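Remarks on the overall topology
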Amino acid sequence: MCAQLLSTQPYKGTRDFYPDDMRLRNWFFGKIRTALEVAAFEEYNGPMLESLEMYIAKSGEEIANEQTYNFTDRGGRRLAVRPEMTPTVARLVAGKIGELNFPLKWFSIPNLYRYERPQRGRLREHWQVNVDIFGCDGYEADMEVISTAVMLLRQFNADESMFKVHINNRRFFNDVIATIAGTDAEGSKRVSKIVDKKNKVTRDAYEEEMQRLGIDADKIAKIDALYNMSVDEAVAICPDSQGSKELIELFSALRHAGLDKYCVFDFGIIRGLDYYTGTVFEVFDEAPENNRAMFGGGRYDNLVGLFVKNTNVSGVGFGFGDVTLENFLVTHDLIPDIYNEGTKVLVTRFDDVPYEKYISITNSLRDAGIVSSMYIGSKKFGKQIDYAVKGRYSHVIIMGASELETSNVKIKNLSTREEVTVSISSITDYFLK
Ligand code: HAM
């Protein structure tokens with residue numbers, strides 16, 4: 001009896017990255033990494049496994065209880081595969097709080113796991129660019145973070161017709177809901193959970209949930225009006241709220257920097273994660289088929305305090321994933337030809353030329369930094385050329401016994417089909433010129 005064959009499929013909601021997929025991911029993360037370094041952000045990283053209680057403490061019920069992959073290790077420790085990076089970075093900051101040079105500007109590109117229903121824009125494993133600033137309480141850090149988010153999308157030539165940053169403020173939200181509905185802090189939090197889920201449930205279910213908290217039709221209508229207000233109209237409802245002041249400062253800074261065309265006030269932005277305290281924002285793709293948020297982030301004042309006593313280092317930042325970014329780049333046709341870049345040389349081989357001759361040519365090309373390989377498969381010439389074309393080589397070097405006799409090679413450009421003869425000693429110069 002035959003043993004059953006194993007599946008070639010990756011685990012549900014995860015992806016294999018074949019070389020072409022990897023090239024794409026390296027291309028966009030490479031651009032992002034360079035842009036962040038130019039903006040003086042420094043890269044950090046941490047382990048994939050963290051203690052489960054870190055997420056229970058602050059990430060919020062959905063992530064901690066429903067979405068973490070968790071297990072107990074052989075020593076009885078309850079661990080989670082990280083579903084997000086923010087608790088990890090808060091732990092790192094807290095761990096060296098006395099030595100670090102605040103305000104910190106840090107970034108990381110970890111892979112994260114969440115047990116979600118796989119769908120367009122949401123998988124069980126994704127890579128997430130995390131950009132965070134620690135130790136700056138003022139609106140300047142919120143502004144820096146949002147302008148960095150815009151700058152990253154601009155790296156791909158995206159413009160304001162393709163995406164929008166939707167901005168709200170948790171302090172403002174709580175104060176407005178308290179003003180309209182007379183709720184206490186706990187009541188406002190419950191309302192925020194309903195608003196957060198608004199687009200995932202029917203209108204009837206939304207109203208029912210509100211009414212269950214004692215919010216009648218009149219108050220629901222007042223909350224509805226907020227979803228369509230400009231920031232100036234909205235802050236007029238609660239002008240003395242600290243959140244209103246923060247929104248005014250932030251929007252005015254965005255206007256002065258010419259970034260307001262990318263940004264809208266959106267009272268419906270809550271963010272599912274519990275730790276946000278002030279500014280919250282999400283970046284949405286304007287293409288209707290990409291309806292999941294591309295970036296999410298905000299200000300969190302109390303996360304570092306989970307790890308060290310009597311310390312208050314605030315953070316503000318965002319995460320954005322490779323899945324939604326790739327959908328965005330494909331939909332808006334923002335991916336150039338990344339597969340046929342630059343010089344890549346295949347040194348072909350013939351039986352009547354000693355093997356070492358080819359090795360020596362290949363080595364001198366590599367020493368000069370020219371991407372090159374000696375053909376190592378079957379020696380039929382036609383096969384070698386097919387291999388070069390399929391492997392996206394730009395040139396082949398041809399050296400049979402007659403070329404070797406005159407110390408020459410032929411170099412064939414595979415796209416123009418041009419062929420030149422050059423001496424062995426000037427091959428690298430030919431490619432470097
Ligand atoms: P988040 O909203 O949970 O925030 O995730 C941020 C972004 O990561 C999303 O907008 C999306 O692009 C991507 N993402 C999240 N879950 C998935 C998934 N299952 N599949 C594909 N992409 C996904 C956070 O994680 C916060 N910790 C971000 C943050 C950093 N806040 C402050 N600093």
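**Topic: the sheet that holds strand E4 (residues 78-81)**
- Taken in spatial order, the three strands of this open sheet run E2-E4-E3, and their pairing is antiparallel. Edge positions in the sheet fall to strand E2 (49-51) and strand E3 (69-72), since each has one partner strand and no second. Each adjacent strand pair in this sheet contributes to an overall mean axis angle of 35°, direction not counted.
- In this sheet, E4 lies alongside E3 in antiparallel orientation, the contact comprising four bridges. Pairing of Asn70 across the sheet is with Ala80, part of E4.

**Comments concerning the domain arrangement of the protein chain**
- Domain annotation of the protein chain identifies domain 1 (19-47 + 82-331) and domain 2 (344-432).
- Distance from the C-alpha centre of domain 1 to the C-alpha centre of domain 2: 53 Å.

**A short note on the site of the ligand**
- In the neighbourhood of the ligand, 28 residues make up the surrounding shell, with Glu84, Thr86, Glu116, Tyr276 and Met294 lying closest.
- Here an oxygen atom of the ligand sits 2.9 Å away from a polar atom, N or O, in the side chain of Arg271.
- Contact with the protein chains removes 96% of the 660 Å² of surface that the ligand exposes when unbound.
- Of all elements in the fold, only strand E7 (125-134), strand E11 (295-300), strand E12 (315-321) and helix H12 (322-331) reach the threshold of two or more residues within the shell around the ligand.
- The element best represented in the shell around the ligand is E12, accounting for five residues.

**Focus on the packing of aromatic side chains**
- Following the criterion strictly, the structure yields 24 aromatic pairs and no others.
- Consider the rings of Phe163 and Phe328, whose centres lie 6.4 Å apart with planes at 75°: the pair is edge-to-face. Here the residue Phe163 occupies a position in strand E8 (residues 163-169), and Phe328 occupies one in helix H12, the gap between them amounting to 165 residues.
- Judged by its relative accessible area of 0%, Phe328 is buried.
- Judged by centre distance (6.2 Å) and plane angle (70°), the ring pair of Phe281 and Phe318 falls under edge-to-face. Remark: Phe318 occurs in strand E12 and Phe281 occurs in strand E10 (residues 279-285); sequence separation between them is 37 residues.
- Owing to a relative accessible area of 1%, Phe281 belongs among the buried residues under this scheme.
- Take Phe318: its relative accessible area is 2%, and that puts it in the buried class.
- Over the face of the ring belonging to Tyr227 we find Lys198, whose NZ or CZ atom lies 4.1 Å from the ring centre.

**With respect to the layout of surface pockets**
- The computed volume of the second largest pocket comes to approximately 290 Å³.
- Arg170, Asn174, Lys189, Asp274 and Tyr276 are, among the 18 residues lining the second largest pocket, the residues nearest its centre.
- Broken down by secondary-structure element, the contributors of at least two residues to the lining of the second largest pocket are helix H6 (170-181) and helix H7 (185-196).
- By residue class, the composition of the lining of the second largest pocket is five nonpolar, five polar and eight charged.

**Description of the nonpolar core**
- Formed by 72 residues in total, the largest nonpolar core has its most connected members in Phe163, Ile167, Phe267 and Phe328.
- Considering each element in turn, this core owes the most residues, eight residues, to helix H5 (residues 139-154).
- Formed by 21 residues, the second largest nonpolar core is a distinct cluster that contains Leu104, Phe134, Ala293 and Val313.

**Some words on the sheet that holds strand E15 (residues 395-398)**
- Pairing in this open sheet of five strands is mixed, and the strands run E14-E13-E15-E16-E17 from one edge to the other. Lying at the two open borders of the sheet, with one neighbouring strand each, are strand E14 (371-374) and strand E17 (419-423). The mean inter-strand angle of the sheet, taken between neighbouring strand axes irrespective of direction, is 25°.
- Bridge analysis of strand E13 (residues 344-347) against E14 gives four bridges, and the strand direction is parallel. When the sheet's bridge partners are listed, Val345 is paired in E14 with Ser372.
- Each of E13, E14, E15 and strand E16 (408-413) touches helix H13 (residues 355-367); the most contacted strand, E14, lies at about 170° to it.

Conventions adopted
Residues numbered from 1 in each chain as written. Predicted model: local features only at pLDDT ≥ 70, side-chain atom pairs only at ≥ 80, totals over all residues. Heavy atoms only, no water. Pairing = 2+ DSSP bridges. Helix = DSSP H or I, 4+ residues; strand = E, 2+ residues; numbered from the N terminus. Axes fitted to C-alpha atoms, helices over the stretch in contact; angles between N-to-C directions. Domains from an automatic or database assignment. Near = heavy atom within 4 Å. Polar contact = N/O pair within 3.5 Å; in protein donor to acceptor, adjacent residues only side chain to side chain. Areas by Shrake-Rupley, 256 points an atom, 1.4 Å probe, with all protein chains shown as cover. Phe/Tyr/Trp six-rings, centres within 6.5 Å; stacked < 30°, edge-to-face > 60°. Buried < 20%, exposed > 50% of the residue type's maximum accessible area, 1.4 Å probe, protein only. Lys NZ or Arg CZ within 6 Å of the ring centre and 35° of its normal. 1 Å grid on protein atoms, 1.4 Å probe; cavity = no way out; pocket = protein on both sides within 12 Å on 5 of 7 lines; lining within 4 Å. Points joined across faces, edges and corners; volume = space filled by probe spheres on them. Nonpolar A, V, L, I, M, F, W, Y, C, P; charged D, E, K, R; others polar. Core = buried A, V, L, I, M, F, W, Y, C linked by side-chain atoms within 4.5 Å. Contact = heavy atoms within 4.5 Å.

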